[in-house]
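Inside the fold
Here is how the chains run, residue by residue.
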Amino acid sequence: MLASLTDILATARVVSIPLRQRFRGIETREVMLFEGPEGWTEFSPFVEYDDEEAAAWLAAALDFGWVPTPPLLRDSVAVNATLPAVEAARVADVLDRFSGCRTVKVKVAETGQTLADDVARVAAARAYLGAEGRIRIDANGGWNVDEAEHAIHSLAEYDLEYVEQPCASVDELWQIRQRVKYMGLPIAADESVRKAADPLLVARQEAADLLVIKAQPLGGIHAALDIADQAGLPLVVSSALETSVGISMGLHLAAALPELPYDCGLATVSLLSLDVAVDPLIPVEGSIAVRRVVPNGRVFDDYAAPAERDAWWRERLTRCYALLDV
Ligand SMILES: [Mg+2]
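Residues numbered from 1 in each chain as written. Predicted model: local features only at pLDDT ≥ 70, side-chain atom pairs only at ≥ 80, totals over all residues. Heavy atoms only, no water.

**Some remarks on the sheet that holds strand β9 (residues 187–189)**
So the rule is basically this: Each pair of strands is called paired provided DSSP finds at least two bridges between the two strands. Going along the chain from the N terminus, every DSSP run of H or I of four or more residues is numbered as a helix, and every run of E of two or more is numbered as a strand. A fitted line through C-alpha atoms serves as each axis, taken over the contacting stretch for helices, and the angle formed by two N-to-C directions is quoted from 0 to 180°.
As summarised here, the arrangement of the seven strands in space is β5-β6-β7-β8-β9-β10-β11, forming an open sheet in which the pairing is parallel. One side of each edge strand has no neighbouring strand; the edge strands of this open sheet are β5 (81–83) and β11 (235–238). Strand after strand, the sheet turns through a mean of 25° between neighbouring axes, direction not considered. Bridge analysis of strand β7 (residues 134–138) against strand β8 (residues 160–164) gives three bridges, and the strand direction is parallel.

So, in structure tokens, the structure goes:
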């Protein structure tokens, strides 16, 4: 075993950080951080995930904290802005927080909203960027094939870079990919990679043109690099609403990939109302430097999770640890 449970729990802290804007159904992000010989690392599976799914995130945290990172091929990573499903009038305010980013990922297909809301938001993002910037959309599997086709036709005039997870299943992704192939619009798979029992199925089925990979859900930097190598498709490294500690893990993964043709989704620290790091990993002129971070002890104290949540995370860590056979 890389690390004993006692060692992990000795430095573990659980923080509860308010989000600036409701995102993927939550308003507060709970995160556990601990320190290994390689530095600080993050264990932050979303609270609704079961232990089996969360154990992959623990494997990732141990990999980053206890195993040296692979050789880095770049020292900074170009990143995209992330636009939650806000109303069009708020788009400029949100995008102002992403310094110099030439690419915007727009969340669409939000429950309770309509295609007209998506069109208005994408139009506002295009107006903000001007003609030069890139816009990709992410439906988080929220459309069926017909809805996806209709939405893509409605949004095409805003010049889309790619469409991320328009539908939920691999079979649906394959169908929509066939239907819009004539438009030259790539389809990206995200949930079909990180939440699938077999993350490579979507590549083997030729149901996507590119894959979104995330270090924590895929079991860490080394495991993600293996998957990337086998997939044989272009890759985008993305994050999971992490603090700068988790973002640092994603940056090291992105920096180790042989090819990095797209801007990465690692500029998400600004979705949090504050960060744990003394020196947060936020974009400067559209890129983030690849480095590790050290948490600010004051944030640990001021944003410590309530005692019962802290205990819940320690119990979760203990159960997930028992599931690992490293
Ligand atoms: Mg996504």
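Moving on from the coordinates now.
**A short note on the sheet that holds strand β3 (residues 39–43)**
We count it as follows: For this analysis, residues touch if any pair of their heavy atoms sits within 4.5 Å.
Read from one edge to the other, the open sheet built from three strands follows the order β1-β2-β3, with strand pairing classed as antiparallel. Two strands in the sheet have a free side with no partner beyond their single neighbour: β1 (13–23) and β3. Pairwise comparison of adjacent strand axes, ignoring direction, gives a mean angle of 35° for this sheet. Across the sheet, helix α2 (residues 51–66) lies against β2 (26–36) and β3, angled at about 175° from β3, the strand it touches most. On top of the sheet, helix α12 (residues 307–323) reaches β1, β2 and β3; it is set at about 60° to β2, its chief contact.

**Notes on the UniProt feature "active site" (unreviewed entry) in the chain**
Short version of the rule: UniProt positions are given in the numbering used here, feature names are shortened, and annotations may be inferred rather than shown by experiment. Three exposure classes are used, based on accessible area relative to the maximum for each residue type with a 1.4 Å probe and protein chains only: buried under 20%, partly exposed in between, and exposed over 50%. Within 3.5 Å is the distance limit for a polar contact, defined as a pair of N or O atoms, with the added protein rule that one can donate a hydrogen and the other accept it, and that residues adjacent in sequence qualify only through two side-chain atoms.
Per the UniProt record, the feature "active site" (unreviewed entry) sits at K107 and K214. Structurally, K107 is set in strand β6 (residues 103–107). K107 sits in the buried class, given a relative accessible area of 14%. In this structure K107 touches F23, L83, P84, A85, D118, R121, D138 and N140, once residues within four positions along its chain are discounted. Side chain to side chain, K107 and D138 meet in a polar contact 3.0 Å long. Along the polypeptide, K214 turns up in strand β10 (residues 210–214). When neighbours within four sequence positions are excluded, K214 is seen to be in contact with D190, R194, S238 and S239.

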